[in-house]
Amino acid sequence: LEIIGATRRQLRDGTLWWHPLQPATYPQRVVASAGQFRRLGYCAPFEARYRRADGGYFWALVGIASLASATMEGVAFVLDVTAEREGRQALIESQRKFSTVFACSPSPMAIFETGTGIIVDVNPGFAQLAGIPAERLLGQDGRALALWDSIDQRAVAARMVRGEAVVNVPMRVRNASGELRHAL
């Protein structure tokens, strides 16, 4: 009741109806769940968008089950999952942005598995710097590629593998044909 801005009195007096709380575009999942409830006496939890008394909307996780098949007694839950849903959307958007920057950046970038040094992903700039096609780099141990020109630079590479941030460190890298290239 608190979620939708209603009172126990409205519920007790029979002035609270579920249907007006639902948006005009009645979700098909809600219809299917109501049918499942009538047939089985319960419905699997589902997410749906509902209207609050103040006119705002929220996303809810809803579950319903009857306690006895011959009566109208039952139990239901309604959890406000708006924050979780918005968090998932924000994560998806963040991943999309990262993916775009990673793939389109001319700067060489690689993602290594922390601890093992296994290459998880590389952008075209890294593949070009290494002189190795991206698909051949994936799954390789980045430490075994012999890209780093000196012991000092191998130490910097080891820091990256441990998950430490390495920013603006000039590096000399040998590509697959042995050509020396400079990177930052």
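First, a word on what this report is: a plain description of the structure on this page. Because the structure is predicted, anything quoted here is derived from the model rather than measured. (Residues numbered from 1 in each chain as written. Predicted model: local features only at pLDDT ≥ 70, side-chain atom pairs only at ≥ 80, totals over all residues. Heavy atoms only, no water.)

1. Things to note about the nonpolar core
Counting residues in each nonpolar core, the largest one holds 16 residues, and the members touching the most others are F126, A130, L137, L147, W148 and V173. A per-element tally of this core places helix α4 (residues 124–130) first, with 4 residues. Apart from the residues within four sequence positions on either side, W148 is in contact with G142, Q153, R154, A157, M160, M171, R172 and V173. Counting 10 residues, the second-largest nonpolar core is a separate cluster that includes A6, V30, A48 and Y50. (Core = buried A, V, L, I, M, F, W, Y, C linked by side-chain atoms within 4.5 Å. Buried < 20%, exposed > 50% of the residue type's maximum accessible area, 1.4 Å probe, protein only. Helix = DSSP H or I, 4+ residues; strand = E, 2+ residues; numbered from the N terminus. Contact = heavy atoms within 4.5 Å.)

2. Section: the pattern of salt bridges
Summed over the entire model, instances satisfying the criterion amount to 7 salt bridges. Ionic pairing is found between E47 and R88, a salt bridge with its closest N-O pair at 3.4 Å. With E47 in strand β1 (residues 42–51) and R88 in helix α3 (residues 82–104), this pair connects stretches of sequence that are 41 residues apart. Residue classification places R88 among the partly exposed residues on the basis of a relative accessible area of 41%. (Salt bridge = Lys/Arg side-chain N within 4 Å of Asp/Glu carboxyl O.)

3. Looking at helix α2 (residues 28–40)
With 13 residues, α2 extends 18 Å from end C-alpha to end C-alpha; this agrees with the ideal 18 Å at 1.5 Å per step. If you check which residues of α2 are buried, you get V30, S33, G35 and Q36. Where α2 is buried, its residues contact β1. After α2 finishes, the residue G41 shows a positive phi value of roughly 90 degrees. (Expected span 1.5 Å × (residues − 1).)

4. Some details on the pairing of strand β7 (residues 180–183)
Relative to β7, strand β6 (residues 171–174) runs antiparallel, the two sharing 4 bridges. Bridged to R172 within β7 is H182. In sequence, β6 turns back onto β7 through a hairpin of 5 residues, with G178 there showing a positive phi of about 90 degrees. (Pairing = 2+ DSSP bridges.)

5. Some points on the side chain of T82
Along the polypeptide, T82 turns up in helix α3. Within the local environment of T82, its side chain forms a polar contact with the backbone nitrogen of W59, the two atoms lying 2.9 Å apart. Apart from the residues lying within four places of it in its own chain, the contact partners of T82 are F58 and W59. (Polar contact = N/O pair within 3.5 Å; in protein donor to acceptor, adjacent residues only side chain to side chain.)

6. Brief notes about the packing of aromatic side chains
Scanning all chains against the criterion turns up 2 aromatic pairs. The interplanar angle of 40 degrees and the centroid separation of 6.2 Å between the aromatic rings of Y50 and F58 together place this pair among those described as tilted. For Y50, a relative accessible area of 1% puts it in the buried group. Residue F58 is classed as buried on the basis of its relative accessible area, which comes to 1%. (Phe/Tyr/Trp six-rings, centres within 6.5 Å; stacked < 30°, edge-to-face > 60°.)

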